[in-house]
2 protein chains.
Amino acid sequence: MMAKFNTSCPSGFPEWTPAQERVAQKWIATIRDVFEKNGFMPITTPLVEREENLLSKGGNPKEMYVLKRILDEEGDSSHSGNALRFDHTVPLALYVARHFNELSFPFRRYAIGPVLRGERAQKGRFRQFDQCDIDVVGSENLSLKNDAMVAAVIIQIFERLMPEQKFIVRINNRKILTGIANFLNISSQKFLEIWDHREKVTGEEFNKKLNELVPSGKKEKFREICDFAITQKKNPNVWHSSDWENWFDVHKTFGMLNKESAEGAEELITVCRILRNDLGISPKQFEPDFSIARGLDYYTGTVYETHLVGYESLGSICSGGRYDDLAEVFTGKKLPGVGISIGLTRLLSQLFEAKLIDVDRSSPSEILIVSASEKAEKECLALSSQIRSWGYPVENYLEDKKLAKQFDYANKLGIPYVIVVGEDELNKKCVQLKNMKIGDQEEISRDTLQAVLEKKL
Amino acid sequence: MMAKFNTSCPSGFPEWTPAQERVAQKWIATIRDVFEKNGFMPITTPLVEREENLLSKGGNPKEMYVLKRILDEEGDSSHSGNALRFDHTVPLALYVARHFNELSFPFRRYAIGPVLRGERAQKGRFRQFDQCDIDVVGSENLSLKNDAMVAAVIIQIFERLMPEQKFIVRINNRKILTGIANFLNISSQKFLEIWDHREKVTGEEFNKKLNELVPSGKKEKFREICDFAITQKKNPNVWHSSDWENWFDVHKTFGMLNKESAEGAEELITVCRILRNDLGISPKQFEPDFSIARGLDYYTGTVYETHLVGYESLGSICSGGRYDDLAEVFTGKKLPGVGISIGLTRLLSQLFEAKLIDVDRSSPSEILIVSASEKAEKECLALSSQIRSWGYPVENYLEDKKLAKQFDYANKLGIPYVIVVGEDELNKKCVQLKNMKIGDQEEISRDTLQAVLEKKL
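Residues numbered from 1 in each chain as written. Chains lettered and ligands numbered in written order. Predicted model: local features only at pLDDT ≥ 70, side-chain atom pairs only at ≥ 80, totals over all residues. Heavy atoms only, no water.

Counting its regular elements, chain A contains 17 helices and 16 strands. Along the longest, intermediate and shortest principal axes, the C-alpha atoms of chain A span 95 × 70 × 45 Å. When the 457 residues of chain A are sorted by exposure, 57% land in the buried category. For chain A, the share of sequence-separated contacts (at least 6 apart) that also reach a separation of at least 24 residues comes to 69%. (Helix = DSSP H or I, 4+ residues; strand = E, 2+ residues; numbered from the N terminus. Buried < 20%, exposed > 50% of the residue type's maximum accessible area, 1.4 Å probe, protein only. Contact = heavy atoms within 4.5 Å.)

Rendered as structure tokens:
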């Protein structure tokens with residue numbers, strides 16, 4: 001009798017089907033390639049860090065998972081006090097602290113891998129999910145050019161991942177917003193939270209919330225600022241004007257509230273200018289957007305979000321920004337950085353659900369080799385070694401099943417071609433090459449097989 | 001004042017330096033490529049599974065890590081009862097159970113990623129380590145050809161990873177050993193354990209241990225078996241004879257102890273024949289070895305180990321075998337499989353320590369672009385976009401530092417070339433290309449730069 005086990009994945013710990021996984025792996029390979037083409041080094045930190053270190057850099061104890069052994073042996077305390085990483089940024093800070101003297105600055109690293117958060121289980125929220133992060137960390141200083149470069153890397157990635165899909169990187173500068181908050185005499189944390197939720201609430205709710213906070217003498221000026229921001233958002237072409245000096249003037253007016261806002265505006269203009277003029281990025285792929293706050297994060301300057309045009313309800317698929325202090329608490333040193341993170345698991349699960357990505361193929365094999373006669377079996381094994389040496393993924397069907405069943409296997413896995421070898425083909429030194437999509441079959445001589453495959457694959 | 005944090009990695013949770021990580025990523029890419037070239041599908045299961053499922057398939061409660069939240073909210077029980085995976089095999093069984101009706105059999109999957117074991121901390125033992133597994137799982141039956149194919153995949157991998165290094169896949173069949181145990185009337189578990197430790201103890205200790213167990217009337221026959229096994233091990237050329245029929249006879253005699261041993265011998269011969277005759281694998285890359293038992297695992301037929309020739313003290317770098325029952329407890333179905341696993345973290349840490357692998361380069365960048373004048377900065381950014389579009393990893397030095405410092409950065413990261421552009425180069429439409437290894441510098445016109453880089457990179 002069989003014991004009853006609940007074999008489903010634990011709540012919040014998803015897994016892909018083979019066909020989805022194939023897409024996920026391709027995306028990771030592309031992301032990794034672009035990161036490396038831009039000189040970012042791969043760094044893999046442990047899944048597990050000391051609990052106190054994670055808590056000291058903003059870890060939420062309600063969401064943090066700690067590690068325990070089921071049976072703890074007495075006297076072995078080395079298993080206690082550790083917790084699972086909830087992002088890649090705190091581990092980056094620890095990595096820099098651990099290896100400070102071996103590293104060269106600016107330190108450009110990428111990290112791709114799972115992080116764990118014990119959040120409430122709900123649709124679209126995962127307790128384990130992959131994040132793909134890049135960060136540049138400077139020692140003492142870090143040029144603003146890095147802020148533009150990081151956005152350019154993200155643009156390169158989405159151009160390759162979704163060439164048909166329009167997307168836009170939205171950029172703001174936190175100093176503009178904290179400048180407004182200071183001008184209004186509002187706590188900047190409070191202001192950023194409300195500002196960040198602007199698009200999640202109705203205009204009335206938003207106005208009501210802020211109106212309660214804004215001192216009566218400044219309501220008019222604040223309405224001007226809001227109108228300005230909203231107008232820009234609704235008329236992105238303002239930013240796409242080739243007359244950047246004009247945009248500069250407009251913006252400067254906006255930034256004149258106080259020194260902080262002016263500095264933020266200046267930085268935002270610089271980043272956009274480098275993107276447009278020096279890196280040659282099309283203004284269709286990025287825009288300043290004053291609505292972005294990234295309220296709950298530790299950013300101090302540039303902030304980014306990325307949206308798929310036409311699918312804004314997916315939210316930001318890639319976010320980040322500049323921070324003044326990566327690891328001072330661990331290193332005693334000033335280490336400013338700028339980084340961005342693709343929330344891969346969440347993004348892919350949304351794209352799969354919206355059927356924006358084809359998932360019709362499970363197997364990497366381009367060819368399944370099938371033997372139609374016992375005598376051909378040896379030849380079929382040798383043939384797969386040969387085809388593999390030409391660079392194509394290929395497998396043999398090794399079980400003793402009817403041909404129909406073997407074709408069925410190729411179909412189910414989405415393997416595009418089947419090669420059949422029987423006694424006839426052995427004698428004639430040829431193979432039957434069947435295209436599984438359109439169903440036609442050709443006889444190809446062994447001499448020309450490589451050339452034929454090169455054309456088709 | 002700075003609080004004192006212990007920022008070191010928790011005990012047993014290692015991390016690589018950037019240069020080591022670069023090697024690890026290249027190895028993973030090669031392993032992944034060979035797996036896919038052989039038609040294995042990538043599958044990533046969650047890090048976390050239900051505790052009872054892991055325990056039901058041999059999880060050791062003393063080594064298993066469970067997941068807890070630091071602060072558990074009342075009423076949310078969905079965080080309890082979960083533990084971290086300790087291998088990729090139990091998650092494979094669960095994956096098959098979860099997706100049984102969507103999968104096609106034989107199901108060929110690979111898994112690359114970390115597993116966690118709360119072992120005692122000791123040198124060379126890790127609590128988190130990457131394993132790279134392939135398995136083929138059949139429904140009801142699975143041809144013995146798969147056992148040969150799995151060994152062939154491993155041989156392809158190490159040929160690519162370490163082309164200069166001799167390695168050998170050692171193959172045995174568990175049935176031969178359980179047959180010997182039955183013949184001797186010894187519990188096969190006891191016998192396998194001692195047999196498995198043969199190479200870890202002195203000959204005397206080994207003989208003493210077994211002699212205590214072997215009934216007196218069978219001591220002579222057992223001595224014959226041991227002598228035979230030892231002779232084969234010391235004279236591997238016996239197996240390398242091209243006269244496989246002769247080898248077959250020798251082995252058949254050995255396998256005549258009882259039906260079980262004979263069946264094991266027959267299977268072992270078949271696997272070796274397919275490797276040699278059908279897959280064309282050189283007999284220098286594999287050999288039968290009766291000393292292999294894989295004592296603590298669940299194997300029922302073929303077993304594999306892999307050794308680096310000249311570095312046998314590293315132990316087996318890649319092990320596996322055939323099992324009758326993958327997931328009957330979860331599915332109620334008979335699912336035989338065969339698989340093998342590369343213990344990547346342990347292997348690389350040993351190779352790094354033995355200095356068998358060069359780790360002299362941290363950055364993926366082939367070129368660092370350096371601006372020698374403010375006027376050239378824009379050109380330098382445009383140039384890196386262009387070089388990247390030619391397919392080369394490239395980065396700009398973006399900070400305002402002296403040239404010497406920028407060259408130093410390239411040297412430390414092992415970036416092989418630096419391109420310098422100043423006002424002169426702007427005017428002459430050329431660049432200075434410096435080879436960082438040999439130190440020479442050439443002036444290259446922009447028109448010929450792509451051709452020059454193609455030659456050098």
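What follows picks up the thread again.
Residue and element names in this part refer to chain B. The sheet built from eight strands is open, its strands ordered S1-S5-S6-S11-S10-S9-S7-S8 with mixed pairing. Two strands bound the open sheet, and with one partner strand each, they are strand S1 (41-42) and strand S8 (286-288). As paired strands, strand S7 (residues 167-173) and strand S9 (residues 302-308) are joined by seven bridges and run antiparallel to one another. Residue Ile-168 lies in a different strand from S9, and its bridge partner there is His-307. Packing of helix H4 (residues 145-161) onto the sheet brings it into contact with strand S5 (107-116), strand S6 (128-137), S7, S8, S9, strand S10 (318-323) and strand S11 (337-343), and relative to S11 it is tilted by some 20 degrees. Strand contacts of helix H5 (residues 174-183): S7 and S9, with the helix running at about 45 degrees to S7, the strand carrying the most contacts. (Pairing = 2+ DSSP bridges. Axes fitted to C-alpha atoms, helices over the stretch in contact; angles between N-to-C directions.)

What follows covers the pairing of strand S3 (residues 65-69) of chain B. Burial of S3 of chain B is extensive: four of the five residues sit out of reach of the surface. Judged from the five bridges that link them, strand S3 (residues 65-69) of chain A and S3 of chain B form a sheet pairing that is antiparallel. Note that in S3 of chain B the partner of Leu-67 of chain A across the bridge is Leu-67 of chain B.

In this section: the relation of the copies chain B and chain A. Superposing chain B onto chain A takes a rotation of 180 degrees plus a shift of 0.0 Å along the axis, which leaves an RMSD of 0.0 Å. Expressed as an axis order, the relation between the two copies is that of a two-fold axis. If distances are taken from each C-alpha of chain B to the rotation axis, the shortest is found for Leu-67 of chain B, at 2.7 Å. (Least-squares fit on C-alpha atoms with pLDDT ≥ 70 in both.)

Right, let's talk about the interface of chain B and chain A for a bit. With 109 residues of chain B at the contact, the number on the chain A side is 109 residues. Around 9,400 Å² of area is buried between chain B and chain A when both sides are counted, 58% of it from carbon and sulfur atoms. Here chain B is connected to chain A by six salt bridges. Two residues, Glu-395 of chain B and Arg-108 of chain A, come together in a salt bridge whose shortest N-O distance is 3.1 Å. (Buried area = accessible area lost by both parts, 1.4 Å probe. Salt bridge = Lys/Arg side-chain N within 4 Å of Asp/Glu carboxyl O.)

Right, let's get into the packing of aromatic side chains. This model, assessed by the stated rule, comprises 23 aromatic pairs over all chains. Ring geometry for Phe-5 of chain A and Phe-330 of chain B: centres 5.3 Å apart, planes at 85 degrees, overall edge-to-face. One end of the pair, Phe-5 of chain A, is in the segment before helix H1 (18-37); the other, Phe-330 of chain B, is in helix H12 (residues 328-331), on a second chain. Here Phe-5 of chain A falls in the partly exposed class, since its relative accessible area comes to 22%. On the basis of relative accessibility, which here comes to 7%, the residue Phe-330 of chain B falls in the buried class. (Phe/Tyr/Trp six-rings, centres within 6.5 Å; stacked < 30°, edge-to-face > 60°.)

Right, let's talk about the sheet that holds strand S12 (residues 367-371) of chain B for a bit. Residue and element names in this part refer to chain B. Ordered by their spatial adjacency, five strands build an open sheet running S13-S12-S14-S15-S16, and the pairing between neighbours is mixed. Of all the strands in the sheet, the pair left with one neighbour each is strand S13 (394-396) and strand S16 (441-445). Pairs of neighbouring strands in the sheet enclose a mean axial angle of 25 degrees, with direction left out of account. With five bridges connecting them, strand S15 (residues 430-435) and S16 associate as antiparallel partners. Counterpart to Cys-430 in the pairing with S16 is Ser-445. Contacting S12, S13, strand S14 (417-421) and S15, helix H14 (residues 377-389) crosses the sheet at an angle of about 165 degrees to S12. Together, S12, S13, S14 and S15 form the strand contacts of helix H15 (residues 403-413), whose direction differs from that of S12 by roughly 170 degrees.

Residue and element names in this part refer to chain B. Summed over the entire model, instances satisfying the criterion amount to 38 salt bridges over all chains. Glu-263 is paired through a salt bridge with Lys-175; the nearest N and O atoms lie 3.0 Å apart. With Glu-263 in helix H11 (residues 259-278) and Lys-175 in helix H5, this residue pair connects regions lying 88 residues apart in the sequence. On the basis of relative accessibility, which here comes to 18%, the residue Lys-175 falls in the buried class. For the salt bridge of Lys-375 with Glu-423, the shortest nitrogen-to-oxygen distance reads 3.8 Å.

All names here are of chain B. Running from N to C, helix H1 (residues 18-37) and H4 point in directions that differ by 145 degrees, and their axes come no closer than 10 Å. Relative to H4, H1 is oriented so that their crossing is right-handed. Two secondary-structure elements touch here, H1 through Trp-27, Thr-30, Ile-31, Asp-33, Val-34 and Phe-35 and H4 through Val-153, Gln-156, Ile-157, Arg-160 and Leu-161. (Left-handed = near helix turned anticlockwise from the far one by under 90°.)

Let us look at helix H6 (residues 188-196) of chain B. Taken together, the buried positions of H6 of chain B are occupied by Phe-191, Leu-192, Ile-194 and Trp-195 of chain B. When H6 of chain B is viewed along its axis, its buried side chains cluster within an angular range of 165 degrees and face the same direction. (Arc of directions from axis to C-beta.)

Further remarks concern unusual backbone geometry. The omega angle of the peptide bond from Phe-105 of chain A to Pro-106 of chain A is -5 degrees, so this bond is cis rather than trans. Checked against the element boundaries, Pro-106 of chain A lands in the loop between helix H3 (89-99) and strand S5 (107-116). Within the chain, Lys-355 of chain B stands out as a residue other than glycine whose phi angle is a positive 55 degrees. Here Lys-355 of chain B shows up in the loop between helix H13 (344-353) and S12.

Looking now at the side chain of Thr-178 of chain B. Residue and element names in this part refer to chain B. Mapped onto the fold, Thr-178 is located in helix H5. At 2.8 Å, the side chain of Thr-178 and the side chain of Glu-260 are in polar contact. Look past the residues within four positions of Thr-178 in its chain and what remains in contact with it is Ser-188, Leu-192 and Glu-260. (Polar contact = N/O pair within 3.5 Å; in protein donor to acceptor, adjacent residues only side chain to side chain.)

Right, let's get into the side chain of Thr-306 of chain B. All names here are of chain B. Here Thr-306 lies in strand S9. Thr-306 gets classed as buried once you look at its relative accessible area, which sits at 0%. In this structure Thr-306 touches Ile-154, Ile-168, Val-169, Gly-315, Ser-316, Ile-317 and Cys-318, once residues within four positions along its chain are discounted.

Quick look at the environment of Phe-228 of chain A now. Residues and elements named next belong to chain A. Mapped onto the secondary structure, Phe-228 falls in helix H8 (residues 219-234). Classification of Phe-228 by relative accessible area gives buried; the value is 17%. Sequence separation between Phe-228 and Gln-386 is 158 residues, and the spatial gap between their C-alpha atoms is 66 Å.

Attention now goes to the confidence of the model for chain A. Taken residue by residue, chain A gives an average pLDDT of 90. The fraction at 70 or more is 92%. Interface confidence in the predicted complex, given as ipTM, is 0.93; pTM for the same model is 0.94. (pLDDT = per-residue confidence, 0-100.)

Residues and elements named next belong to chain A. Across the interface, helix H5 (residues 174-183) lies against helix H11 (residues 259-278) with an axial gap of 7 Å and an inter-helix angle of 160 degrees. If you check the angle between H5 and H11, you find them roughly antiparallel. Of the two possible hands of crossing, H5 and H11 adopt the one that is left-handed. Two secondary-structure elements touch here, H5 through Lys-175, Ile-176, Thr-178, Gly-179, Ile-180 and Asn-182 and H11 through Glu-260, Ser-261, Glu-263, Gly-264, Ala-265, Glu-267 and Leu-268. Split into classes, the residues belonging to the contact of H5 with H11 amount to four nonpolar, five polar and four charged. (Parallel < 35°, antiparallel > 145°, perpendicular 65-115°, else oblique. Nonpolar A, V, L, I, M, F, W, Y, C, P; charged D, E, K, R; others polar.)

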